[in-house]
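Reading the structure
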Amino acid sequence: MSVTIKEFSDVEYVVPGSAACAGCPSTMALRIVGKALGENAIMLMTPSCAVASIGLLPKSCYSLPVLNICFASAGASAGGLTLALDALLEKGRIKGEKPTVFNWAGDGGTYDIGLQGLSAAAERNDDFIHFCYNNEAYSNTGVQRSGATPIHAMTTTTPLGKEVHRKNLPLLMLEHRIPYVATASLAYPMDLYRKVQKAKGIKGFKYIEIHAPCYPGWKFSASDTVKMSRLAVKSGTWLLWEGSYGKVTLNNPTSLLAQGKLAPIPLEEYIGGQGRYAHIMNSPQREEYLSAIREEIKRELKFMAGRVEL
Ligand SMILES: Cc1ncc(C[n+]2csc(CCOP(=O)(O)OP(=O)(O)O)c2C)c(N)n1
Ligand code: SF4
Ligand SMILES: [Mg+2]
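Residue positions are counted from 1 within each chain, in the order its sequence is given. Note on labels: chains are lettered from A, ligands numbered from 1, in written order. Local features in this predicted model are restricted to residues of pLDDT 70 or higher, and side-chain atom pairs are both shown and tallied only at a pLDDT of 80 or more, whereas totals for entire chains, interfaces and linings draw on every residue. Side-chain numbers here rest on the full set of heavy atoms in the structure, without hydrogens or water.

1. A few points about helix α9 (residues 225–234)
Because an α-helix packs 3.6 residues into every turn, residues spaced three or four apart end up facing the same way. Put simply, the test is: Under the scheme applied here, a residue whose accessible area is under 20% of the maximum for its type counts as buried, over 50% as exposed, and between as partly exposed, the area being computed with a 1.4 Å probe on protein chains only. Where helices and strands are cited, they refer to DSSP runs of H or I of at least four residues and of E of at least two residues respectively, numbered from the N terminus. Whether two residues are in contact is decided by their heavy atoms, any of which lying within 4.5 Å being enough.
Among the residues of α9, T225, M228, S229, L231, A232 and V233 are the ones counted as buried. Those residues of α9 that are buried lie in contact with α1 (25–37), β5 (180–185), β6 (205–211), α8 (215–218), α10 (254–258) and α11 (267–271). With its phi angle positive at about 85°, G236 sits one or two positions after the end of α9.

Listed below in structure tokens is the structure:
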């Protein structure tokens, strides 16, 4: 069933006072996620911009119960919390519906530092949702490269551009044969909302990754966060799909791109608007760089379309 934006709840779980940059993609995404999950939820956060934005105790910009946990422990902490809630419910020490336990973590906390514990929790099929807001760098500490940083992107630890490809972590999570995996984008809020509600209704381990263009890190205009999210999807750089127990479905517009029914927008429109690629856009080898990235986009789309057929 499709959801319209008018059906989103009026209740806000990110309230005024957030110290995030104006137009922060993590904050925008968390507002939608909160509306989809509702108030019966507990959020765990690994060190990130989302944590740094909370404010000073006793104030908080999040109106849900929040646990700040250490970087490597998202899988173990959320797994422990969900089991504790099961035990309390079984003993009758708490009543009613079990709260949705979810992690809110960045790509650094997900792709790199927290991956071992996350993989273990997925393999155990622990009952929680792991959200990764992927801004393709360690933004909070000065934009260092992560395993999610795309090739050629400039960060403070890759001043000449990253030399290797990013991981396909959503696909790695899918291969844990968990009940639900999805990718999402801020430019498609109804799709994100639907995926979060779907995950909420499923028992077991759920993984949702939200593409989160970060304007200070990627060097584009603050008002273009959603535009950049849309260009990422329309250029085929960020693919929208969902999967369950290894079976994948592509969502639109990614599905149309994969079937050749929709042409991708020129890559320059996406990459050219980001200062982190200025060195390749201004390079004498610009066309070689761009055609290599286009080939990689085609390869990834073909690969995911083939994965759908399996
Ligand atoms: C074990 C450990 N190492 C390093 C840090 C410092 N640190 C805090 S936030 C952060 C960056 C996190 O990156 P990411 O998870 O992508 O979130 P983002 O900052 O992009 O929101 C780092 C390295 C820490 N808090 N703990
Ligand atoms: S640096 Fe990026 S992710 Fe961090 S608060 Fe600012 S916009 Fe958000
Ligand atoms: Mg990050």
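2. Things to note about the coordination of the magnesium ion (ligand 3)
Each donor-metal-donor angle would ideally measure 109.5 degrees in four-coordinate tetrahedral geometry, or 90 or 180 degrees in six-coordinate octahedral geometry. The test is simple: A 2.8 Å cut-off from the metal defines N, O and S donors, relaxed to 3.2 Å for Na, K and Ca; water is not in the atom list, so some sites may appear incomplete.
The protein atoms that coordinate the magnesium ion (ligand 3) are D107 (OD), N135 (OD1) and A137 (O), at distances of 2.0 to 2.1 Å. Every donor residue of the magnesium ion (ligand 3) comes from the same chain, spaced as D-x27-N-x1-A. For the pair N135 and A137, a shared accessibility class is recorded, and that class is buried.

3. Topic: the site of ligand 2
Spelled out, the test is: Nearness of a residue to a molecule or strand requires only that one of the residue's heavy atoms be within 4 Å of it. For this classification, the nonpolar set comprises Ala, Val, Leu, Ile, Met, Phe, Trp, Tyr, Cys and Pro, the charged set comprises Asp, Glu, Lys and Arg, and every other residue, Gly included, is treated as polar.
The environment of ligand 2 is made up of C21, C24, P25, C49, N135, C214 and P216. Of the residues belonging to the shell around ligand 2, the class tally is 6 nonpolar, 1 polar and no charged.

4. As for the UniProt feature "domain: Thiamine pyrophosphate enzyme TPP-binding" (unreviewed entry) in the protein chain
Test applied: UniProt positions are given in the numbering used here, feature names are shortened, and annotations may be inferred rather than shown by experiment.
The feature "domain: Thiamine pyrophosphate enzyme TPP-binding" (unreviewed entry), as given by UniProt, occupies residues 70–210 in the numbering adopted here. Overall, residues 70–210 shows 36% helix and 18% strand. The separation of its end C-alpha atoms is 21 Å.

5. A word on the environment of F8
Relative to the assigned elements, F8 resides in the segment before α1. F8 gets classed as buried once you look at its relative accessible area, which sits at 11%. A sequence separation of 271 residues divides F8 from H279, and the C-alpha atoms of the two residues are 41 Å apart. If near-sequence neighbours (up to four positions away) are discounted, F8 is found in contact with V3, I32, K35, P189, M190 and Y193.

6. With respect to the site of ligand 1
Convention followed: N or O atoms within 3.5 Å of each other form a polar contact, as long as, within protein, one can give a hydrogen and the other can take it, and as long as residues adjacent in sequence are counted only when both atoms are side-chain atoms. Where accessible areas are quoted, they stem from the Shrake-Rupley method and a 1.4 Å probe; at the residue level, only the protein chains shown are allowed to cover.
In the vicinity of ligand 1 lie 15 residues, with C49, G108, G109, Y133 and N140 positioned nearest. C49 is positioned with one of its backbone polar atoms (N or O) 2.9 Å from an oxygen atom of ligand 1. Separating an oxygen atom of ligand 1 from a backbone N or O atom of G108 is a distance of 2.8 Å. When ligand 1 is considered free in solution it has 580 Å² of accessible area, and contact with the protein chains removes 71% of it. Ranked by residues supplied to the shell around ligand 1, first place goes to helix α4 (residues 107–112) with 3 residues. Its residues placed into classes, the shell around ligand 1 shows 6 nonpolar, 8 polar and 1 charged.

7. Focus on the pattern of salt bridges
For clarity, the threshold we go by: The term salt bridge refers to a side-chain nitrogen of Lys or Arg lying within 4 Å of a carboxyl oxygen of Asp or Glu.
According to the stated counting rule, one finds 21 salt bridges in the structure shown. The salt bridge involving D191 is made with K195; its shortest N-O contact spans 2.8 Å. Placement of the pair is D191 and K195 together in helix α7 (residues 189–200), with a separation of 4 residues, close to one helical turn. For the residue pair D191 and K195, the accessibility class agrees, reading buried in each case. Here E300 ties to R299 by a salt bridge, and the two come within 2.5 Å at their closest N and O atoms. The exposure class of E300 is buried, given its relative accessible area of 16%. Overlapping salt bridges, with partners in common, bring together D86, K98, D127, K203 and K206 in one network.

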